[in-house]
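Coordinate inspection notes
The lines below spell out each chain.
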Amino acid sequence: MAVDLTDLDMWVRGVPYAEFARMRREQPVSWCAEAQPNSGFWSVTGYEDIVTASRDVATFSSSRGVSFEEPTDEEMAARRTIIDTDPPEHTKLRKIMTGTFSQRAVAVYQQFVDGLTEQVLDEGLADGPFDFVDAVAKEVPIRVLARIMGLPESNLGQFIDLGDRLIANTDPDLTDVVWGRDDTDAYRLYPFRSPYGKQLWDLGREIVRERLAAPRDDLLSKLVLARVDGDALSEVDLDNLFSILVIAGNETTRIAMAHAVLAFCEYPEQWNRLRADPGLLDTATEEVLRWSCPTHFMRRTAAAGAELGGATIRAGDKVVLWYVSGNRDESEFSDPDVFDVGRAPNRHLSFGRGGPHLCLGAHVARLEVRIMLAALARRVARFELAGPPRRIRSNFTNGLKELPVIVTKG
Ligand code: HEM
């Protein structure tokens with residue numbers, strides 16, 4: 001019997017890799033029913049079909065959002081951010097930020113990330129069992145983001161907390177307002193349909209006001225000074241850009257780091273191999289990204305009828321691109337279920353691929369993961385699980401909320 005990909009309790013137990021493999025084999029683009037009031041969706045599970053749909057933005061539009069939610073026009077207008085736009089609007093917004101996130105611009109942060117990572121490991125790597133997510137993974141990405149965006153150090157704990165409540169808006173352990181369980185109508189105009197979306201906007205507005213009064217050399221100042229077709233960005237644009245940057249730049253990278261350590265607990269020979277040959281750091285970073293796939297999917301909406309993977313899609317249909325499945329597609333990756341720190345080529349889908357929405361922060365994320373792996377390799381001989389990892393209740397994020405480990409230093 002087919003697995004229900006919207007059953008979040010199933011995702012708590014693990015990613016349904018076997019089910020995705022069956023779907024890729026039998027019906028790579030298949031229709032999946034969904035509970036009311038939602039209307040059902042196409043699951044795109046094969047690598048090539050995912051890339052094709054990502055590339056064809058005229059047919060597969062982002063303008064109705066990228067999650068399972070089916071927002072009204074009013075909700076969409078209030079919450080639309082760069083990721084929910086199509087060209088040409090998307091191109092204009094993206095242009096404001098591409099310089100900040102280019103490979104060259106990001107390389108400038110290398111020293112800062114090196115120092116930060118060392119400091120976090122000095123404090124976080126305990127002698128007994130500890131939670132790697134809380135002690136290490138959670139601490140790095142938000143501080144890098146703070147540096148790039150210009151977020152005040154004093155509020156970082158609050159950003160982490162609000163980001164957790166938003167991205168895990170389906171997990172009752174992490175938020176008291178649970179999407180799909182509670183009545184969220186009162187918050188429908190805020191990110192993730194959550195009251196914490198409003199709190200994040202409010203924090204953002206304070207900082208934006210300060211930057212308007214006295215711009216600095218940071219991304220937020222760039223955003224408040226930007227002009228699109230001669231106009232400044234609206235308050236709605238600024239609110240939503242602020243929240244997507246904080247959420248997309250923080251949680252995802254943390255997830256990749258935590259899954260890296262989980263993978264090295266499970267495949268200690270791969271850790272030994274990486275330690276013995278630091279020349280593998282680049283391929284190991286890409287393999288960690290493929291393996292961890294922090295964002296399981298992005299959704300598109302068909303703007304016109306289309307054929308994809310043998311399926312006939314109608315205008316208006318919801319189309320879910322399962323990157324987490326494409327990353328294990330045997331037609332693209334040899335032995336896809338093997339974690340191999342030397343894997344090359346590795347054209348994984350974890351940042352998207354082929355389309356204009358390709359992750360803006362990919363170079364930042366790579367830098368952070370690579371530096372974390374290198375720093376751990378200098379300090380840790382062996383990782384072992386000290387208890388079961390706990391997964392976030394979500395089909396969107398591959399987040400771990402707890403990863404109890406013991407490290408052998410050396
Ligand atoms: C391991 C870490 C990360 C992963 C796995 C990840 C994943 C993704 C994915 C899957 C997309 C959508 C791609 C598409 O549909 O074509 C995306 C978009 C985006 N990401 Fe990331 N991301 C990560 C880190 C970051 C960081 C560090 C930042 C910012 C500092 C960031 C900012 C963004 C933004 C702004 C977008 C929207 C881009 C657009 O619509 O043009 N991400 N990311």
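Everything below is about the structure shown above.
What this report covers is the structure whose coordinates are included nearby. (Residues numbered from 1 in each chain as written. Predicted model: local features only at pLDDT ≥ 70, side-chain atom pairs only at ≥ 80, totals over all residues. Heavy atoms only, no water.)

Thoughts on the overall build of the protein
Counting its regular elements, the protein contains 17 helices and 14 strands. Relative to the compact-globule value of 22 Å for 410 residues, the protein shows a C-alpha radius of gyration of 21 Å, a close match. Judged by the C-alpha coordinates and their principal axes, the protein covers about 60 × 55 × 40 Å. The buried share of the protein, taken over its 410 residues, is 57%. Considering only intrachain contacts with a sequence separation of at least 6, the fraction spanning at least 24 residues in the protein is 70%. Carbon and sulfur atoms provide 51% of the accessible area of the protein, an area that totals close to 17200 Å². In the protein, 48 positive and 62 negative side-chain charges are present, and the distance between their average locations comes to 3 Å. (Helix = DSSP H or I, 4+ residues; strand = E, 2+ residues; numbered from the N terminus. Rg over C-alpha atoms; globule rule 2.2 N^0.38 Å. Buried < 20%, exposed > 50% of the residue type's maximum accessible area, 1.4 Å probe, protein only. Contact = heavy atoms within 4.5 Å. Areas by Shrake-Rupley, 256 points an atom, 1.4 Å probe, with all protein chains shown as cover. Lys, Arg positive; Asp, Glu negative; His and termini not counted. Charge placed at Lys NZ, Arg CZ, Asp CG, Glu CD.)

Description of the site of the ligand
In the vicinity of the ligand there are 26 residues, among which His 90, Arg 94, Tyr 323, His 357 and Cys 359 approach most closely. Within the contact set of the ligand, an oxygen atom lies 3.0 Å away from a side-chain nitrogen or oxygen of Arg 300. Listing elements by their share of the shell around the ligand, those giving two or more residues are α5 (89–101), α13 (235–266) and β7 (297–302). Residue contributions to the shell around the ligand peak at four residues, all from α13. Looking at the shell around the ligand residue by residue, the class counts come to 15 nonpolar, nine polar and two charged. (Near = heavy atom within 4 Å. Polar contact = N/O pair within 3.5 Å; in protein donor to acceptor, adjacent residues only side chain to side chain. Nonpolar A, V, L, I, M, F, W, Y, C, P; charged D, E, K, R; others polar.)

Here we look at the nonpolar core
Among the nonpolar cores identified, the biggest contains 124 residues, and Met 97, Leu 151, Phe 159, Leu 223, Trp 322 and Leu 376 are the most heavily contacted of them. Counting residues per element, this core draws most heavily on α13, which supplies 16 residues. (Core = buried A, V, L, I, M, F, W, Y, C linked by side-chain atoms within 4.5 Å.)

Some points on the coordination of the iron atom of the ligand
A lone protein donor binds the iron atom of the ligand: Cys 359 (SG), at 2.3 Å. Following the sequence through the fold, Cys 359 ends up in the loop between α16 (323–326) and α17 (362–379). (Donors = N, O, S within 2.8 Å, 3.2 Å for Na, K, Ca; no water.)

Side note on the environment of Thr 184
Position of Thr 184 relative to the elements: it lies in the loop between α10 (156–167) and α11 (195–213). In this structure Thr 184 comes out as buried when scored by relative accessible area, which is 7%. Residues Thr 184 and Asp 173, spaced 11 residues apart in sequence, show a C-alpha to C-alpha distance of 17 Å. Residues in contact with Thr 184, not counting those within four places in the same chain, are Val 177, Val 178, Trp 179 and Arg 193.

Comments concerning the sheet that holds strand β4 (residues 130–131)
With antiparallel pairing, three strands are arranged side by side in an open sheet as β4-β14-β11. Either end of the sheet is taken by a strand with one partner, and the two such strands are β4 and β11 (380–385). With two bridges connecting them, β4 and strand β14 (residues 404–409) associate as antiparallel partners. Paired with Asp 131 across the strands is Pro 404, a residue of β14. In the packing of α13 onto the sheet, the strands contacted are β11 and β14, and the crossing angle to β11 comes to about 90°. (Pairing = 2+ DSSP bridges. Axes fitted to C-alpha atoms, helices over the stretch in contact; angles between N-to-C directions.)

A look at the packing of α10 against α13
Orientation of α10 relative to α13, taken along the N-to-C sense of each, is 85°, at an axis distance of 10 Å. Here α10 lies roughly perpendicular to α13, going by the angle between them. On α13, the residues touching Phe 159, Ile 160, Gly 163, Asp 164, Leu 166 and Ile 167 of α10 are Phe 242, Val 246, Ile 247, Asn 250, Glu 251 and Arg 254. Taken together, the residues of the contact of α10 with α13 break down into seven nonpolar, two polar and three charged. (Parallel < 35°, antiparallel > 145°, perpendicular 65-115°, else oblique.)

Here's the deal with the environment of Glu 118
With respect to the helices, strands and loops of the structure, Glu 118 is situated in helix α7 (residues 110–124). A sequence separation of 44 residues divides Glu 118 from Leu 162, and the C-alpha atoms of the two residues are 26 Å apart. Once residues within four sequence positions are removed from consideration, Glu 118 is found in contact with Ala 375, Arg 378 and Arg 379. Separated by 2.7 Å, the side chains of Glu 118 and Arg 378 make a polar contact.

Scope: geometric values only; no functional claims are made or implied.
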